[in-house]
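This is what each chain is made of:
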Amino acid sequence: MKLDHVIESQQFTLPLLVELFDRTRQMERVVARGGTRDYAGRIMASLFYEPSTRTRFSFEAAVYRLGGRVLSTEHARVFSSEIEGEQLEDTIRIISTYADAIVLRHTEEGGARRAARVATVPVLNAGDGGGGQHPTQALLDLYTIYRERHALDGLTIAIVGDLDGGRTARSLAYLLSKFERVKIHFVSPPEVQMRQDILDHLDEHDVWYDLRSDVESIAGEVDVIYQTRIRPDRVADRAALGRYTIDARLLHRMKPDAMVLHPLPRTVEIDKDVDEDPRALYFKQAANGLFVRMALLTMVWDRE
Ligand code: CP
């Protein structure tokens, strides 16, 4: 199984996911014993044109835990030659000669694909554009569900928030379409509902879904609520945003073994009171990002 680049969720077949999750479990053990030197000499470039806490730090920590090193820029829009008008393709060609992998977060949908076309080392998409993808986030989301539930077939999930601009939600929907008997409730204000390309993909793969605008009506039936942010400037009825918040009252309606996930960062869409509930797994989910990203780096490097 070949993994040249990580650009979009669709490229992950079930056998690839099995291998990724096996390696991720192994990476949990590697980190527990303080890391490895197996990838000493490897250099990963992290090139972020947008802010990030989790994705950048976890990828950089992943390389250090594998024994490698990092080339990084604080803010590529300012501290790279893009500010002089350099095209992404030229930047990627150059960095390919300095590093063994490039982790790229770009402002444009399709930025990672453009980079992969000219790169001579693996490119890992750390988020591209408002309606693009964030496949490594979705992989760690899926891993978190699998780790807790030990199965993905038969999952009922509510994906909540700004789904039109939600690249993590888009990537997760693609991954979920690979499993049997999955039910997806897309919950959002009407003007930011899930885009048609994802709905068409789910139709093609016979995945059950519906579109709705309140989370309360399905809170009691879902195994997972995958919450995401809604920026108030993206919706007409700001007063209605409370309808999408997870708080203690909503939690009370959820199943005792359900999970609340969020790619983070959060603002007000999950009440702080929820954090202490054992079903609130978003911090554990973010921690899993380290293991999944270590596993992904080993997969692209072992195949060279
Ligand atoms: N989930 C996520 O992508 O977080 P960051 O923006 O902090 O990387």
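Throughout what follows, the structure given in this document is the object of discussion. (Residues numbered from 1 in each chain as written. Predicted model: local features only at pLDDT ≥ 70, side-chain atom pairs only at ≥ 80, totals over all residues. Heavy atoms only, no water.)

Moving on, we come to the environment of Asp 153. Along the chain, Asp 153 turns up in the loop between α6 (135-149) and β5 (156-160). For Asp 153, a relative accessible area of 36% puts it in the partly exposed group. Counting along the chain gives 53 residues from Asp 153 to Asp 206, while the straight-line C-alpha distance between them is 13 Å. Within polar-contact distance, the side chain of Asp 153 engages the backbone nitrogen of Glu 180 at 2.8 Å. (Helix = DSSP H or I, 4+ residues; strand = E, 2+ residues; numbered from the N terminus. Buried < 20%, exposed > 50% of the residue type's maximum accessible area, 1.4 Å probe, protein only. Polar contact = N/O pair within 3.5 Å; in protein donor to acceptor, adjacent residues only side chain to side chain.)

Now for the nonpolar core. Core analysis: the biggest nonpolar cluster contains 63 residues, and Ile 157, Ile 159, Phe 186 and Leu 297 have the highest contact counts within it. Ignoring sequence-local partners within four residues, the contact set of Ile 157 consists of Ile 145, Leu 172, Leu 176, Lys 183, Ile 184, His 185, Val 222, Val 224 and Tyr 226. Formed by 24 residues, the second largest nonpolar core is a distinct cluster that contains Leu 250, Leu 251, Met 254 and Ala 280. (Core = buried A, V, L, I, M, F, W, Y, C linked by side-chain atoms within 4.5 Å. Contact = heavy atoms within 4.5 Å.)

Let us look at the packing of aromatic side chains. For the structure shown, the criterion picks out 5 aromatic pairs. Ring centres of Phe 186 and Tyr 209 lie 6.2 Å apart, and the angle between their planes is 55°; this geometry places the pair in the tilted category. Highlighted residues: Phe 186 in strand β6 (residues 183-187) and Tyr 209 in strand β7 (residues 208-212), separated in sequence by 23 residues. Given the relative accessible area of 1%, Phe 186 is considered buried. Summarising the aromatic geometry, the rings of Tyr 282 and Phe 283 are spaced 5.1 Å apart at their centres and angled 65° between planes, so their arrangement reads as edge-to-face. Note on Phe 283: relative accessible area 49%, which makes it partly exposed. Linked through ring pairs, Phe 21, Tyr 143 and Tyr 146 together constitute an aromatic cluster. One residue, Lys 183, lies across the ring of Trp 208, its end atom 4.8 Å from the ring centre. (Phe/Tyr/Trp six-rings, centres within 6.5 Å; stacked < 30°, edge-to-face > 60°. Lys NZ or Arg CZ within 6 Å of the ring centre and 35° of its normal.)

Okay, the sheet that holds strand β8 (residues 224-227) next. With parallel pairing, the 5 strands of this open sheet are ordered in space as β7-β6-β5-β8-β9. The strands lining the two open edges of the sheet, one partner per strand, are β7 and β9 (259-261). Here the strands of the sheet are splayed against their neighbours by 15° on average, with no regard to which way each runs. As judged from the 5 bridges shared by β6 and β7, these two strands associate in the parallel manner. The residue of β7 that forms the bridge with Ile 184 is Tyr 209. (Pairing = 2+ DSSP bridges. Axes fitted to C-alpha atoms, helices over the stretch in contact; angles between N-to-C directions.)

Every buried residue of helix α8 (residues 196-204) is listed here: Ile 198, Leu 199, His 201 and Leu 202. The buried residues of α8 all sit within an arc of 160° when viewed along its axis, so they share a single face. Along its buried surface, α8 packs onto α7 (167-176), β6 and β7. Looking one or two places after α8, you find Asp 206, whose phi comes out positive at around 55°. (Arc of directions from axis to C-beta.)

Before going further, it helps to spend a moment on the side chain of Ser 177. Residue position: Ser 177 is located in the loop between α7 and β6. Polar contacts involving the side chain of Ser 177 include one to the main-chain carbonyl oxygen of Tyr 174, which spans 2.6 Å. Dropping the residues within four chain positions of it, Ser 177 is found in contact with His 201, Leu 202, His 205 and Val 207.

Following the sequence through the fold, Gln 137 ends up in helix α6. Residues in contact with Gln 137, not counting those within four places in the same chain, are Thr 168, Tyr 226, Pro 263, Gln 285 and Arg 293.

Turning to the pairing of strand β3 (residues 101-106), a few remarks are in order. Of all the 6 residues making up β3, 6 are buried; the element is thus mostly covered by neighbouring parts of the structure. Burial of β3 is two-sided: the residues Ala 101, Val 103 and Arg 105 facing one way and the residues Ile 102, Leu 104 and His 106 facing the other way are all buried. Of the pairings in the sheet, the one linking strand β1 (residues 43-48) to β3 comprises 5 bridges and is parallel in character. Residue pairing across strands places Ser 46 opposite Val 103, the latter belonging to β3. Two strands pair when backbone bridges link them, and β3 and strand β4 (residues 123-128) are joined in this way by 4 bridges, in the parallel orientation. Bridging across to β4, Val 103 finds its partner in Leu 124.

Glancing now at the site of the ligand. Around the ligand sit Ser 52, Thr 53, Arg 54, Thr 55, Arg 105, His 134, Gln 137, Pro 263 and Leu 264, and that is every residue in its neighbourhood. In the environment of the ligand, an oxygen atom lies 2.6 Å from a nitrogen or oxygen atom belonging to the side chain of Ser 52. Between the ligand and Thr 53, the relevant distance is 2.7 Å, taken from an oxygen atom to a main-chain nitrogen or oxygen of the residue. Calculation on the ligand without its partners gives an accessible area of 250 Å², and the protein chains cover 91% of this total. (Near = heavy atom within 4 Å. Areas by Shrake-Rupley, 256 points an atom, 1.4 Å probe, with all protein chains shown as cover.)

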